[in-house]
Amino acid sequence: MTDHNHHDPMQQLRKLLFKEEEARISAIEEVRDNEELHAKEISEVLVEALDLRAHDEGLGKALMPAVETAVSESIANDPKAFADALFPVMGPAIRRSIQYAISEMLQSLNQTLEQAFSPKSMLWRWEAFRTGKSFAEVVMLNTLLYRVEQVFWIHKETGLLLAHESFDPSLTEDADVVSSMLTAVGDFIQDSFQGSPNQEVQSLRLGDLEVMIEQGPYSVLAVVCRGNPPRSLQVTLGQTLEHLLQTFHDVLKTFDGDTSHFSASHDMLAPLLLVDYVDHEKKPPIKLIIALSILVISFVGWTSWNVEQKLALKHRWQSYIQTLKETPGLVITDVDEHEGIHHIYGLRDPLAIQAASLLKKFELNEAGVQYHFQPYHALDHGMMLKRLWHLSKAPSSVSFKIQDDVLYVYGKASQAWLSELQLMTQWMDGIALVNVDAVDVPKPPKTFQERVMMLWQPIDSVQLHVQGDAVMLTGSATIAWLQQAKARLASLKDMASYDDHAVLRLDSVDYILQLAQQALHPPRGVHLSITKEHILKAQGAASASWIANAQKKSVALKYILGFDAKDLKILNKVNLARVIAALEPPASVDLFLNKGKLLVKGEADGRWITFANLQALNIKGVQSFQNQVKQIWHADAVLEQAKLRLHPEPSVQLSFADGVLHARGQASKRWISFVHREALHIDGVFTFDEQVDMIYSDEEILKIAMTTLQPPEGVRLQVSQGVLSILGEADIAWIESLKAQVAVIPGLQSFDIKSLHAKAQADGWEQLQIQVASTRLQTFANHPLLTVKDEAALKRLSNIFHRAVELHPDSRLHLAIAYKRSEKLVLMMRNHAIHQGLKKYGVFESQIITDFSENQGVKQDSRIVFTVIKQP
Amino acid sequence: MIQKKICVLGAAGVGKTSLIAQFVYSKFSEKYLSSMGVKIDRKIVQLESQQVNLMIWDIHGEEKFKKITSSYFRGASGVIMVADGTRPDTLSVAQNIFQRVEQDVGNIPSVWLLNKVDLEDQWCMSEGVVKQLNEKYVSVYQSSAKTGENVEQTFFNIAENMLNV
């Protein structure tokens, strides 16, 4: 192979061209494959490579296990070397930590000492003793404004805890469970109260603990606070949550339960562990100073005000007493004060003003004054005039004046009042004379009727009646005039009542219509009415001449403003009158004649309708006749006709109502058949209601009895007055079946079998044969149902079988019965369970034998062989 | 550490709370179940690869007039469906609940438990039913909260299933 390559021209050419490159590639491969050389090669660039990736987090992560292992190994081998290396770092760190701890302790100690001996601290010590808490805890609780004790950062969808901060590390243990439970509580509240998705729980409170919750897109921030946190904390929470979202947005969005990504959140969450205490620094008691100042100022102000009030009160009191002294009708004799109450003594005219009424004017308290006045009559002019006004009840139209013991009266007053005044003043002190020269004495007032007449004069057509204070009108007038009169008289305040019902309203619609009816005499078929606009409206049909005349007359009628004949048809008066005269229609029929065409409508009995049909076209001028009259029937006429045509038997009662002819009572079959054929041919009878009991003749009853009972030879039947007599001899079975068969014979009142005797009993077998031979079944052709007679015969046949079985309990019994319709008999026996009655004896079979007649002498009849087999 | 939320679901009285009590020590009392309809416990499971912190939501049993609050399913990474092996009707209840979970949360790992296997004389689940369940769902166990049979295995199984998703 080597030899081959050696002689290969291509290889030789390649060697010549790439000899140098091949040597370099070989060197590189050697370095790569030789670990020692490779490590040496990498070690030369390792520092530069690490330097280039120094800021790459991935490098740190990659190196972390190796570094951790190296550090562990190093410490295990030689702790001193590592301690020496860390000494410069650890020293300051430990110092800083101790310094922080001492600072906190001093602060706490300082706080405790501050409270140690104050009165408040004594109370807190008592509280600590009472509740069993430490004094420091009580101090903290009383001085704490608020403290954020825990911070939960929770993944919103899963409720998983992303990060947690706490002021007490022992609380972190169950933080993840609490986080989930908080989420569940939120869901529970939202579901329970059906909150919308946008409404989320913002806070929960338990005693002095409050959980404040800030909801974000992917996560929730919840802080547990003790005390009363400021509302600004919520804002801080919102800002922190925003910051967290910005920092961890991508990780939150794809959160798969790995919380290691959020370790960097500590720096953002820890600042939320806020705490604030009550500020106890000594400050000047500004509030106290202000309060005291206010108090002093208030006191001084109040005292000044009080003194001023007292002075003012005294002044007002003096003014009040002075006013009382100057008041006419009051004489103040003494004023004193006793135990805070003012007492005023003196005289008082009863017409003088009340002294107490002036108190308000002087802002004095009524409760602080007591009056001790004696009554007297004041004789000063003012009080005398007041007394005069009071006693004389003077009208407002008069005035008084007293001068030199003379009373001057002015104004208007009645003579009667003046007389009373003069009489009264004779006894009044201070008035010697009364001068009434200047008084205008009016004439005595008019009566009510005069005043009514003065106020209002009725028109000629109206009569006025005044009785006492009541006004009544009669006569006639327009509605408008009556309204005006009523309004005018309403000004009489002393009018007790006003009655104008008796006045005829000349322009009322009813009255106008009445006038029109009287004036125009509207023919039959014309209906007049008055519209609101007082237009006379005519409806119906009338002759042209009447219409023309009505138009003229109506215009002349007072209060009618027009005539409306739009709805009035023009009739040929002459023809219609003739028609009415010729046909004499009843009131329930209306006639319409138009251009020779006669139409009749309404209701009438058949006779008139027939008459009209025959007569109408014979009337002169009637060219065609249309009869739309509905036929009605008079019960009496129909009943009369029915009696004539039906000839009811004496025991039958007929009646007719609403087109129905009723028949009740009893009648012969013949009459009943007849009446059913005839009744509906009577005019007016639409329905025939027959409930008549049929009466049977003796012959009919006998005929039915013969058919029903089929008496055997030796038995004779007779019927007399509905009583059936049965005579002769018959076997006992036939006699026993009589009662059932007689009951179905119609018309039979009773039956008599006193003359019927039973035949002598043959032995069992013979009797059986006789009975079988005598059994006849009669059916009606084409009658598929069992008749009453068939049923009785079958029952009899059944009895025969029973007895046959009793006679021959151990053998088969063949019974042959000649019968024309044997197929039907078998069917009937089956259908009527005759078999069932025999089954208790064994098996019953029936068989049709068609040719079994010769020996029995009943040719061409069908026969039935009944076989009864007694079972062992 | 990885955290995962799992829900334990089923009809009332199938033994959910007892199963959890076998597995964890509860911080919260059971009164939360009757009042809020949920009780939450935590269990750290050490799998081969890593530790998983299971947040176990014990959700009250579904009854005729007390439906499960579906918002409790939200964010679940897995569900443990529990039926009572002595009461066949509880299996259909569990299947109905599971349908709702799938509608609300989507397709998440599930473990099915036919509980109370210790009550042998009252056991009503035929082999056919168990076979059908095995064909339909990946993980089906017969468990007993009383004896602890398959309880721990259930939680380990669901933890592994959740991590492998």
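Calculation rules
- Residues numbered from 1 in each chain as written.
- Chains lettered and ligands numbered in written order.
- Predicted model: local features only at pLDDT ≥ 70, side-chain atom pairs only at ≥ 80, totals over all residues.
- Heavy atoms only, no water.
- Contact = heavy atoms within 4.5 Å.
- Buried area = accessible area lost by both parts, 1.4 Å probe.
- Salt bridge = Lys/Arg side-chain N within 4 Å of Asp/Glu carboxyl O.
- Polar contact = N/O pair within 3.5 Å; in protein donor to acceptor, adjacent residues only side chain to side chain.
- Core = buried A, V, L, I, M, F, W, Y, C linked by side-chain atoms within 4.5 Å.
- Buried < 20%, exposed > 50% of the residue type's maximum accessible area, 1.4 Å probe, protein only.
- Helix = DSSP H or I, 4+ residues; strand = E, 2+ residues; numbered from the N terminus.
- pLDDT = per-residue confidence, 0-100.
- Pairing = 2+ DSSP bridges.
- Axes fitted to C-alpha atoms, helices over the stretch in contact; angles between N-to-C directions.
- Expected span 1.5 Å × (residues − 1).
- Bend = angle between axes of the 7 residues up to and from the residue.
- Patch = residues over 30% accessible without salt bridge, like charges linked within 9 Å, V, L, I, M, F, W, Y side chains within 5 Å.
- Areas by Shrake-Rupley, 256 points an atom, 1.4 Å probe, with all protein chains shown as cover.
- Phe/Tyr/Trp six-rings, centres within 6.5 Å; stacked < 30°, edge-to-face > 60°.
- Lys NZ or Arg CZ within 6 Å of the ring centre and 35° of its normal.
- Right-handed = clockwise from strand over helix to strand, strands pointing away.

We now examine the interface of chain A and chain B. If you look at the interface, chain A gives 22 residues, while chain B gives 22 residues. With both chains or domains summed, chain A and chain B bury close to 2,000 Å², and 58% of this area falls on carbon and sulfur atoms. Ranking the residues of chain A by area buried against chain B places Val 177, Met 181 and Phe 188 of chain A at the top, with a combined share of 26%. The interface formed by chain A and chain B contains three salt bridges. Put simply, chain A and chain B have eight residue pairs in polar contact (both at pLDDT 80 or more) between them.

For the rest of this paragraph, the subject is the nonpolar core. Core analysis: the largest hydrophobic core is formed by 55 residues, its most contacted members being Trp 153 and Leu 221 of chain A together with Leu 9, Trp 57 and Ile 59 of chain B. Of the residues forming this core, the biggest block, seven residues, is contributed by helix α9 (residues 232-253) of chain A. With residues up to four places along the chain from it excluded, the contact list for Leu 9 of chain B reads Lys 16, Ile 59, Ile 68, Phe 73, Val 79, Ile 80, Met 81, Val 82, Ile 97 and Val 101 of chain B. Listed in part, the 25 residues of the second largest apolar core include Val 8, Val 45, Val 111 and Ala 159 of chain B.

On average, residues of chain B carry a pLDDT of 88, and 95% of them reach 70 or more. Looking across chain B, the model is least confident in helix α2 (residues 31-35) of chain B, with a mean pLDDT of 69, and most confident in strand β4 (residues 78-84) of chain B, with 95.

With that out of the way, let us pick up the sheet that holds strand β7 (residues 330-338) of chain A. Strand pairing in a sheet is mediated by backbone hydrogen bonds. Such pairs are either parallel or antiparallel. All names here are of chain A. Taken in spatial order, the three strands line up as β7-β8-β9 in an open sheet, and their pairing is mixed. At either margin of the open sheet sits one strand with a lone partner, and together these are β7 and β9 (369-375). Within this sheet the neighbouring strands show an average axis-to-axis angle of 15 degrees, counted without direction. With seven bridges connecting them, strand β8 (residues 341-348) and β9 associate as parallel partners. If you follow His 343 over to β9, its bridge partner there is Gln 370. This element, helix α11 (residues 286-326), spans β7, β8 and β9 of the sheet and lies at about 155 degrees to β7.

A word on the side chain of Thr 154 of chain B. Residues and elements named next belong to chain B. Relative to the elements of secondary structure, Thr 154 occurs in helix α5 (residues 151-164). Look at Thr 154 and you get buried, because its relative accessible area is 0%. Sequence-distant contacts of Thr 154, that is, excluding residues within four places in its chain, are made with Ile 80, Val 111, Leu 113 and Tyr 141.

End to end, α11 of chain A covers 58 Å across 41 residues, agreeing with the expected 60 Å (1.5 Å per residue, within 8%). Buried within α11 of chain A we find Arg 316, Trp 317, Tyr 320, Ile 321 and Leu 324 of chain A.

Here we come to helix α4 (residues 57-77) of chain A. An ideal rise of 1.5 Å per residue puts 30 Å on 21 residues; α4 of chain A measures up with 29 Å between its terminal C-alpha atoms. At Met 64 of chain A, α4 of chain A shows its strongest bend, of approximately 40 degrees, with the proline Pro 65 of chain A following within four residues.

All names here are of chain B. Within the secondary structure layout, Thr 90 lies in helix α3 (residues 89-105). A relative accessible area of 1% means that Thr 90 is categorised as buried. Looking at Thr 90, its side chain comes within polar contact range of the main-chain nitrogen of Asp 84, at 2.9 Å. There is a polar contact of 2.6 Å between the side chain of Thr 90 and the backbone oxygen of Arg 87.

Another point: the pattern of salt bridges. Taken as a whole and assessed by the stated rule, the structure comprises 18 salt bridges over all chains. The salt bridge involving Asp 349 of chain A is made with Arg 387 of chain A; its shortest N-O contact spans 2.4 Å. Highlighted residues: Asp 349 of chain A in the loop between β8 and β9 and Arg 387 of chain A in helix α12 (residues 381-392), separated in sequence by 38 residues. Across the pair, exposure class does not vary: Asp 349 of chain A and Arg 387 of chain A are buried alike. In this structure, Asp 84 of chain B and Arg 87 of chain B form a salt bridge, with 3.2 Å as the shortest nitrogen-oxygen distance.

Residues and elements named next belong to chain A. A contiguous nonpolar surface patch, about 580 Å² in accessible area, is contributed by Ile 42, Val 45, Leu 46, Val 47, Leu 50, Leu 63 and Val 67. The set of elements that each furnish at least two residues to the nonpolar patch consists of α3 (35-52) and α4. For the nonpolar patch, the element with the most residues is α3, which contributes five residues. Topologically, Ile 42 is positioned in helix α3.

The next point concerns the pairing of strand β24 (residues 652-657) of chain A. All names here are of chain A. Only one face of β24 is buried, namely the one carrying Val 652, Leu 654 and Phe 656, since none of Gln 653, Ser 655 and Ala 657 on the opposite face is buried. Across six bridges, the pairing between β24 and strand β25 (residues 660-668) is antiparallel. By the bridge assignment, Val 652 is partnered in β25 with Gly 665. With antiparallel pairing between neighbouring strands as the criterion, β24 and β25 make up a hairpin whose turn holds two residues, including Asp 658 at a positive phi of roughly 55 degrees.

This paragraph deals with the packing of aromatic side chains. Counted under the stated rule, the structure contains 15 aromatic pairs over all chains. Taking the centre distance of 5.9 Å and the plane angle of 50 degrees together, the rings of Phe 255 of chain A and Phe 262 of chain A count as tilted. The pair Phe 255 of chain A / Phe 262 of chain A is uniform in exposure class, with both members buried. Between Phe 23 of chain B and Phe 155 of chain B, the aromatic rings sit 3.9 Å apart at their centres with planes inclined by 5 degrees, giving stacked as the arrangement. Here the residue Phe 23 of chain B occupies a position in helix α1 (residues 16-23), and Phe 155 of chain B occupies one in helix α5, the gap between them amounting to 132 residues. Of the residues examined, Phe 23 of chain B reaches a relative accessible area of 7% and is grouped as buried. A cation over a ring is seen here: Arg 147 of chain A above Phe 167 of chain A, with NZ or CZ 4.0 Å from the ring centre. Residue placement shows Lys 43 of chain B over the ring face of Phe 23 of chain B; its charged tip is 5.2 Å from the ring centre.

A positive phi angle, close to 50 degrees, is found at Glu 339 of chain A, a residue other than glycine. By the element assignment, Glu 339 of chain A lies in the loop between β7 and β8.

It is worth spelling out the pairing of strand β22 (residues 597-605) of chain A at this point. Residue and element names in this part refer to chain A. As defined by bridge partners, strand β21 (residues 589-594) adjoins β22 across six bridges and the pair is classed as antiparallel. The residue bridging Asn 594 from the neighbouring strand is Lys 597, located in β22. Across nine bridges, the pairing between β22 and strand β23 (residues 624-632) is parallel. Counted as the bridge partner of Glu 603 is Lys 630 from β23. In this fold, β22 hands off to helix α19 (residues 606-615), which returns the chain to β23; that crossover is right-handed.

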